[in-house]
Amino acid sequence: MSSQGPVPAVPPAFLEALAAVRRASCRREIHLQEIPAPARLAPYALALSADVHEPITRHSEHGTTPEPAEELATGRFVLLHDPAGTPLWDGTFRIVTYIRARMDSEMGNDTMLGSVAWTWLLDALNESGADYRQAGGTTTRVLSESYGILADRPETIDIELRASWTPGNQDVATHLEAWADMVCTFAGLPPLPSGVTALPHRRLS
């Protein structure tokens, strides 16, 4: 007989939230995959990774040859649930997200880029009708410079957005859909949600 006690039942509210995740309708360009969830942030958690790729095709005298897809944007969506709730969350659920995409140096050096990225998120949530509160986030620009035999490579800047918010209830489908649209927005894929200003994604040669 196992010395461990009985496995606690998953709370109905979290099961409803998982069902909402399954019925979310996200853009076909985004690839979602369940990944291991953080174990120490909450008693119950679900984590998804997201990637948007653009296939690269090389043309030659022998026709077209597909090459490995180029990553346009990537991200993580984590749903946390603590039945006891926490004052910081102001609720029993919390959504924690991360998005990263690469811009060229001209676009990445725009001083408004961080505030625009944050506005994208709020607009996406508001346009989707998602009920949320206690939203907070941080934007980061990471400059990459190459030297030596790589000196010919142009400077690049990665824009990163880390954000979290408390959903109004366990029906989180609209939250996932809005966030998935955000990942596509970071990747520069049209169309954008109504009311969101486009920031062109400049391709690197």
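Sequence order sets the numbering: in each chain, residues are counted from 1 along the sequence as written. Residue-level local features of this predicted model are given only where pLDDT is at least 70; pairs of side-chain atoms are given and counted only at 80 or more, and the full residue set underlies all totals for whole chains, interfaces and linings. The side-chain figures draw on all heavy atoms in the structure; neither hydrogens nor water molecules are used.

(A) Representation of the packing of helix H3 (residues 113-128) against helix H4 (residues 173-186) within the structure. Structural elements are reduced to axes, namely lines fitted to C-alpha atoms, with helices fitted over the stretch in contact, and the angle between N-to-C directions of any two is expressed from 0 to 180 degrees. In DSSP terms, a helix is any run of H or I states spanning at least four residues, a strand is any run of E spanning at least two, and both are numbered starting from the N terminus. Their axes nearest at 9 Å, the elements H3 and H4 cross at an angle of 140°. Where H3 crosses over H4, the two elements pack in a sense that is right-handed. Contacts from Ala-117, Trp-120, Leu-121, Ala-124, Leu-125 and Ser-128 of H3 reach H4 at Thr-174, His-175, Ala-178, Met-182, Thr-185 and Phe-186. Broken down by class, the residue content of the contact of H3 with H4 amounts to eight nonpolar, four polar and no charged. Here is the rule for handedness: rotate from the far helix to the near one, and if that takes an anticlockwise turn smaller than a right angle the crossing is left-handed, while a clockwise turn gives right-handed. Residues are treated as being in contact if the distance between any of their heavy atoms lies within 4.5 Å. Ten residues, namely Ala, Val, Leu, Ile, Met, Phe, Trp, Tyr, Cys and Pro, are considered nonpolar, four, namely Asp, Glu, Lys and Arg, are considered charged, and the remaining ones, Gly among them, are considered polar.

(B) Structural context of the pattern of salt bridges. Any Lys or Arg side-chain nitrogen found within 4 Å of a carboxyl oxygen on Asp or Glu counts as a salt bridge. Under the defined criterion, the tally for this structure stands at six salt bridges. The salt bridge partner of Asp-158 is Arg-100, with a shortest N-O separation of 3.9 Å. Taken together, the positions of Asp-158 in strand S6 (residues 156-167) and Arg-100 in strand S4 (residues 91-104) put the pair 58 residues apart, joining distant regions of the chain. Residue burial is assigned from relative accessible area. The probe radius is 1.4 Å, only protein chains are included, and a residue is buried under 20% of its type maximum, exposed over 50%, and partly exposed in between. Taking the relative accessible area as the measure of exposure, Asp-158 reaches 11% and is therefore buried. The exposure class of Arg-100 is partly exposed, given its relative accessible area of 26%. Asp-158 serves as the salt-bridge partner of Arg-102, at 2.8 Å between the closest nitrogen and oxygen. On the criterion of sequence distance, the pair formed by Arg-102 in strand S4 and Asp-158 in strand S6 is long-range, its members being 56 residues apart. Its relative accessible area of 37% is what places Arg-102 among the partly exposed residues. Residues participating in the shared-partner salt-bridge network are Arg-100, Arg-102 and Asp-158.

(C) Structural context of the confidence of the model for the protein. For the protein, per-residue confidence averages 81 on the pLDDT scale, and 78% of positions sit at 70 or higher. Here helix H2 (residues 105-108) stands out as the element of the protein with the lowest mean pLDDT, 56, in contrast to helix H1 (residues 12-23), whose mean of 94 is the highest. This model gives residues 1-5 a pLDDT under 50, and the stretch forms zero contacts once residues within four places in sequence are excluded. Every residue in residues 195-205 scores below 50 in pLDDT, and together they form 26 contacts with partners more than four places removed in sequence or on other chains. The predictor's confidence in any single residue is recorded as pLDDT, a number from 0 to 100.

(D) Representation of the nonpolar core in the model. What makes a nonpolar core is a set of buried Ala, Val, Leu, Ile, Met, Phe, Trp, Tyr and Cys residues whose side-chain atoms join them at distances within 4.5 Å. Within the largest apolar cluster, 44 residues are counted, with the highest numbers of intra-cluster contacts made by Val-52, Leu-79, Met-182 and Phe-186. Contributing elements (two or more residues each) for this core: H1, strand S2 (44-60), strand S3 (63-86), S4, H3, S6 and H4. Ignoring sequence-local partners within four residues, the contact set of Met-182 consists of Ile-99, Ala-117, Trp-120, Leu-121, Ala-124 and Leu-161. Core analysis: the second largest hydrophobic core is formed by five residues, Ala-42, Ala-47, Val-78 and Trp-89 among them.

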